There are 2 protein chains.
Amino acid sequence: MEPVKVGLLGLGTVGGGTVTVLSRNADEIARRAGRGIRITHAAAKTYDPDKIAGLDGIEVCDDAFAVVDNPEVEIIIELIGGYNPALELVMKAIENGKHVVTANKALIAMHGNEIFAAAQEKGVTVAFEAAVAGGIPIIKAMREGLTANHIEWLAGIINGTGNFILTEMRDKGRDFAEVLAEAQALGYAEANPTFDVEGIDAAHKLTILGSLAFGIPLQFDKTYTEGITRITRQDVAYAEHLGYRIKHLGLARKTAAGIEMRVHPTLIPRKRLIANVDGVMNAVLVKGDAVGPTLYYGAGAGAEPTASAVVADLVDVARALTTDPENRVPHLAFQPAHLSDLRVVDIEEVTTAYYLRVHAEDKPGVMAKVAGILGDAGISIEAIQQKEPEEGETHVPLVMITHPVVEGNMNQAIEKIEALDTINGSVVRIRLEELGG
Amino acid sequence: MEPVKVGLLGLGTVGGGTVTVLSRNADEIARRAGRGIRITHAAAKTYDPDKIAGLDGIEVCDDAFAVVDNPEVEIIIELIGGYNPALELVMKAIENGKHVVTANKALIAMHGNEIFAAAQEKGVTVAFEAAVAGGIPIIKAMREGLTANHIEWLAGIINGTGNFILTEMRDKGRDFAEVLAEAQALGYAEANPTFDVEGIDAAHKLTILGSLAFGIPLQFDKTYTEGITRITRQDVAYAEHLGYRIKHLGLARKTAAGIEMRVHPTLIPRKRLIANVDGVMNAVLVKGDAVGPTLYYGAGAGAEPTASAVVADLVDVARALTTDPENRVPHLAFQPAHLSDLRVVDIEEVTTAYYLRVHAEDKPGVMAKVAGILGDAGISIEAIQQKEPEEGETHVPLVMITHPVVEGNMNQAIEKIEALDTINGSVVRIRLEELGG
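Residues numbered from 1 in each chain as written. Chains lettered and ligands numbered in written order. Predicted model: local features only at pLDDT ≥ 70, side-chain atom pairs only at ≥ 80, totals over all residues. Heavy atoms only, no water.

### Considerations on the overall build of chain A
Here comes step 1: When you go through chain A residue by residue, the secondary structure sums to 14 helices and 17 strands.
Here comes step 2: For a compact globule of 437 residues, the expected C-alpha radius of gyration is about 22 Å, and chain A comes in at 24 Å, within 12% of that figure.
Here comes step 3: Considered along the principal axes of its C-alpha atoms, chain A spans approximately 80 × 45 × 35 Å.
Here comes step 4: Looking at chain A as a whole, 60% of its 437 residues are labelled buried.
Here comes step 5: Carbon together with sulfur atoms contributes 48% to the accessible area of chain A, which is approximately 16,100 Å² in total.
Here comes step 6: One way to put it: in chain A the 40 positive side-chain charges average out to a point 4 Å from where the 59 negative ones average out. (Helix = DSSP H or I, 4+ residues; strand = E, 2+ residues; numbered from the N terminus. Rg over C-alpha atoms; globule rule 2.2 N^0.38 Å. Buried < 20%, exposed > 50% of the residue type's maximum accessible area, 1.4 Å probe, protein only. Areas by Shrake-Rupley, 256 points an atom, 1.4 Å probe, with all protein chains shown as cover. Lys, Arg positive; Asp, Glu negative; His and termini not counted. Charge placed at Lys NZ, Arg CZ, Asp CG, Glu CD.)

In structure tokens form, the structure reads like this:
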């Protein structure tokens, strides 16, 4: 059989990795796919040919639209990133009847609904395994591996930069800003780290995972997003003493009220496997009603890990070329006509346990006062500890773990605690999830 | 679209779980699959209708061949287990042009080559996700998720009973026999535990994983198999002190000499994620050249976790009904014409590091003598420790960690150590793997 001809848009890190992996493992990939998969055309504004192994035989131009319009090409790989011109290119490719493989999480999270509708209309596939958790085949696991299950919840470490920073803060007792600077020097964090440390990148990925889990349209704007910039090394250490680790999680959960979709720092029990996923590694824990908890772990970024997912999608698309479009795996795991209109709930409606830290005057009665406010709001305290004051501080840190409570109630209690004149500054609050069966 | 009609053979634990999951999650499964999946006929010699939810509307008989010959049925689920009559039933189903879904690891490991050849001939699919690691979609990950990769090695905790026993031995400092009895009482271990504790069950699964990884035919008879019956609580504790855990692993690795396929107790560094997979849980760590290490974790057995995999296969088969057979995912990951004749190497040719324990007379020069024998054989010692003698013992345990060495050399050195008159009994030897990038 003739090799499948592929057009590649973008020769940056992942584009280069894809060229290299497809060329290095060409034989093994063809032995699996049943036919060769060959990038015949590529488009890039700038690239360094000396840094990319496997470019031989690929016609490179600087006009992405020319590749998308090339009638020889059957599949387009979009690795440009961002919205513009990526969206226009992807829509044009679909219009031209070509299948698309993309690693663009922002594009799928924001414009996936219209992209998939257009693809459905044209009978083509848009594959996006590389958009979430790099090389981990999590999209495939959720769309195909767990089809038997009613998914109850999922929790993912889906931003490697954030996980690297939190791991270093814990292991070396260092501050956020210091570790961020190191991550930038190592190339783990961008010069502008906002997308990573403010949780936007994780929210893009969680938006996608939540849709796949619950059969709802993509709704990035309803995903609650909180970054890790306010986590201190003290909180990391206090959490550790209490038997917890702080991880930046994307959480999606189905409750009677609707779907929770939230990205925020989270205390999780140290004994959980996912609490031991460190450094730049990613992992997603999925709880299905039949299978129980399952976890998927691997590299969430990088040239070749991401290329691994891109190429897996290429093989899938190549294999499915003869399938009746109705019988292909649906883009969002559920058939388009059977998506659900379950609402995404507001963060105020979410119930979680909490880690709280306040700076209190070191005198009798203060702890009782704080505990009293929580008690009046119906919030049970699981643990409360007074820590040693930092050098030169007159106030002492008071650290608490609460039982689960609705966030709205907690907000009111926090307001009252902050109004106490024996309390200094604002209450630090980090949500806590047991992530048990 | 009409529901797909399925015939089920066997209404035991997994059969009952499959009926229940398919019925409980029928709507959600149909929303994913694009059509309903309905078990219309089932065969079982004995079963308890009161213990299986969802049996309504299923015609149950006691003649499995009648179900396999029923022209209404499009897919057969084989959950009888064992070889006889499972093999005959599966071959008959294929002959009748039906797709087959099975959880039968022994059948696939022993007879998979002929089963897949017959299926290929007939243009039907035999799906077996449930045969390895229960509900973890590891077959899908290896066959489809990692198609871009040259797989370098894999290591799996693929027998829950064995992992439960080793975990209890470590956590409670108890002996093998005591924990085995408890596992039997809890229903984690069979009355005849041979398949689990001697590693045969794990070897069946490893045989399958090794074929998928390296594109070689199934060769159960060449898989080296060693159980956990000789592991003592002392070895578990000594390993822990040295920073290692003992896990019963299935290991497959590609080397210049060929393919290593081996099941045996293994020391692995405590800090590895897979070292923290405890109790009855399973996990498989796969190292691809592009993606790096990835890990898949979940329940490896049980009614509903295994049913989760059976139903995922049903959905896959239902979706693929319109695909040209040539374009379906190949049974053993690689196209049948492109399997490789790479040889499986003998255990004597395998290179690993070792944990060794000997009982030595507590007098000067004995440690030097043992170290000397190893040194003469070219075996470097990474650590050597003399432990306290057990109560009433005159000999002291001498525990060593070596650098990697070919097993044949180690066997010769061990023979010489055992011949020393200052050494009591035989040398305990447990292989050690770093499982690093």
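There is more to say, and it comes next.
### Observations concerning the packing of helix H6 (residues 138-145) of chain B against helix H10 (residues 200-214) of chain B
All names here are of chain B.
Here comes step 1: Interaxial distance between H6 and H10 falls to 9 Å at its minimum, and their mutual angle equals 15°. Compared by their axis directions, H6 and H10 come out roughly parallel. Our pair here, H6 against H10, has a crossing hand that is left-handed. The segment H6 lies against H10, with Ile 138, Ile 139, Met 142 and Arg 143 engaging Ile 208, Leu 209, Leu 212 and Ala 213.
Here comes step 2: A breakdown of the residues in the contact of H6 with H10 according to their chemical character gives seven nonpolar, no polar and one charged. (Axes fitted to C-alpha atoms, helices over the stretch in contact; angles between N-to-C directions. Parallel < 35°, antiparallel > 145°, perpendicular 65-115°, else oblique. Left-handed = near helix turned anticlockwise from the far one by under 90°. Contact = heavy atoms within 4.5 Å. Nonpolar A, V, L, I, M, F, W, Y, C, P; charged D, E, K, R; others polar.)

### What about the side chain of Glu129(A)?
Residue and element names in this part refer to chain A.
Here comes step 1: By the element assignment, Glu 129 lies in the loop between strand E6 (126-127) and helix H6 (138-145).
Here comes step 2: Summary of buried charges: Glu 129 has no salt-bridge partner, and the nearest side chain of opposite charge, Lys 140, is 6.3 Å away.
Here comes step 3: Those residues in contact with Glu 129, other than ones at most four positions away along the chain, are Gly 134, Ile 136, Pro 137, Ile 138, Ile 139, Lys 140, Ala 309 and Asp 313. (Salt bridge = Lys/Arg side-chain N within 4 Å of Asp/Glu carboxyl O.)

### Description of helix H12 (residues 303-319) of chain A
Here comes step 1: Under the 1.5 Å per step criterion, the end-to-end length of H12(A) is 24 Å for 17 residues, consistent within 8% with the ideal 24 Å.
Here comes step 2: Within H12(A), 15 of the 17 residues are buried, leaving the element largely enclosed by the surrounding structure. (Expected span 1.5 Å × (residues − 1).)

### Describing the sheet that holds strand E5 (residues 99-102) of chain B
All names here are of chain B.
Here comes step 1: Pairing within the open sheet is parallel, and its six strands lie in the order E3-E2-E1-E4-E5-E6. Edge strands, defined here as strands with exactly one partner in the open sheet, are strand E3 (59-61) and strand E6 (126-127).
Here comes step 2: Of the strand pairs in this sheet, strand E1 (residues 4-9) and strand E4 (residues 75-78) are connected by four bridges, and their pairing is parallel. Bridging across to E4, Leu 9 finds its partner in Glu 78.
Here comes step 3: Along the sheet face, helix H12 (residues 303-319) touches E1, strand E2 (37-43), E4, E5 and E6 and points at about 165° away from the line of E5. (Pairing = 2+ DSSP bridges.)

### Some points on empty space enclosed by the protein
Here comes step 1: For the structure on display, the rule yields six cavities of 30 Å³ or more.
Here comes step 2: By volume, the largest cavity is sized at about 550 Å³.
Here comes step 3: Around the largest cavity, the lining comprises 30 residues; the ones closest to its centre are Glu144(A), Ala320(A), Val329(A), Glu144(B) and Val329(B).
Here comes step 4: If you list the elements that add at least two residues to the lining of the largest cavity, you get H6 and H12 of chain A together with H6 and H12 of chain B.
Here comes step 5: Residues of the lining of the largest cavity, tallied by class, amount to nine nonpolar, six polar and 15 charged.
Here comes step 6: The calculated volume of the second largest cavity comes to roughly 60 Å³.
Here comes step 7: Elements with a minimum of two residues in the lining of the second largest cavity: helix H7 (160-172), helix H11 (233-241) and strand E9 (244-255) of chain B.
Here comes step 8: Split into classes, the residues belonging to the lining of the second largest cavity amount to three nonpolar, one polar and four charged. (1 Å grid on protein atoms, 1.4 Å probe; cavity = no way out; pocket = protein on both sides within 12 Å on 5 of 7 lines; lining within 4 Å. Points joined across faces, edges and corners; volume = space filled by probe spheres on them.)

### Details of the relation of the copies chain B and chain A
Here comes step 1: With an RMSD of 0.0 Å, chain B superimposes on chain A once it is rotated by 180° and translated 0.0 Å along the axis. The superposition operator between the copies reduces to a two-fold rotation axis.
Here comes step 2: Interface residue correspondence from chain B to chain A reaches 100%, placing this contact among same-surface, isologous pairings. (Least-squares fit on C-alpha atoms with pLDDT ≥ 70 in both.)

### Some thoughts on the interface of chain B and chain A
Here comes step 1: If you look at the interface, chain B gives 60 residues, while chain A gives 60 residues.
Here comes step 2: Around 5,200 Å² of area is buried between chain B and chain A when both sides are counted, 52% of it from carbon and sulfur atoms.
Here comes step 3: Three residues, Arg31(B), Arg32(B) and Arg319(B), lead the burial of chain B against chain A; their summed loss comes to 16% of the area buried on that side.
Here comes step 4: Note that Glu144(A) is salt-bridged to Lys140(B), the shortest N-O span being 2.8 Å. (Buried area = accessible area lost by both parts, 1.4 Å probe.)

### With respect to the confidence of the model for chain A
Here comes step 1: Residues with a pLDDT of 70 or more make up 100% of chain A, whose mean pLDDT is 95.
Here comes step 2: Overall fold confidence for the complex sits at a pTM of 0.95, while the interface term, ipTM, reaches 0.95. (pLDDT = per-residue confidence, 0-100.)

### Regarding the pattern of salt bridges
Here comes step 1: For the structure on display, the rule yields 60 salt bridges over all chains.
Here comes step 2: Note that Arg170(A) is salt-bridged to Asp278(A), the shortest N-O span being 3.0 Å. Taken together, the positions of Arg170(A) in helix H7 (residues 160-172) and Asp278(A) in the loop between strand E10 (258-269) and strand E11 (281-288) put the pair 108 residues apart, joining distant regions of the chain.
Here comes step 3: Residue classification places Asp278(A) among the partly exposed residues on the basis of a relative accessible area of 25%.
Here comes step 4: Among the salt bridges present, the one from Lys5(B) reaches Glu72(B), with a minimum N-O distance of 3.8 Å.

### Overview of unusual backbone geometry
Residue and element names in this part refer to chain A.
Here comes step 1: Cis geometry is found at the peptide bond from Asn 84 to Pro 85, where omega equals 10°.
Here comes step 2: Looking at where Pro 85 falls in the secondary structure, it is placed in the loop between strand E4 (75-78) and helix H4 (86-95).
Here comes step 3: With phi around 55°, Leu 435 is a residue other than glycine that occupies positive phi space.
Here comes step 4: Mapped onto the secondary structure, Leu 435 falls in the segment after strand E17 (423-432).

### Some words on the nonpolar core
Here comes step 1: Core analysis: the biggest nonpolar cluster contains 115 residues, and Ile138(A), Ile208(A), Val286(A), Ile94(B), Ile138(B), Ile208(B) and Val286(B) have the highest contact counts within it.
Here comes step 2: Non-local contacts of Val286(B), meaning those with residues more than four positions away in its chain, are made with Ile138(B), Met142(B), Leu146(B), Ile151(B), Trp153(B), Leu154(B), Gly292(B), Pro293(B), Thr294(B) and Tyr296(B). (Core = buried A, V, L, I, M, F, W, Y, C linked by side-chain atoms within 4.5 Å.)

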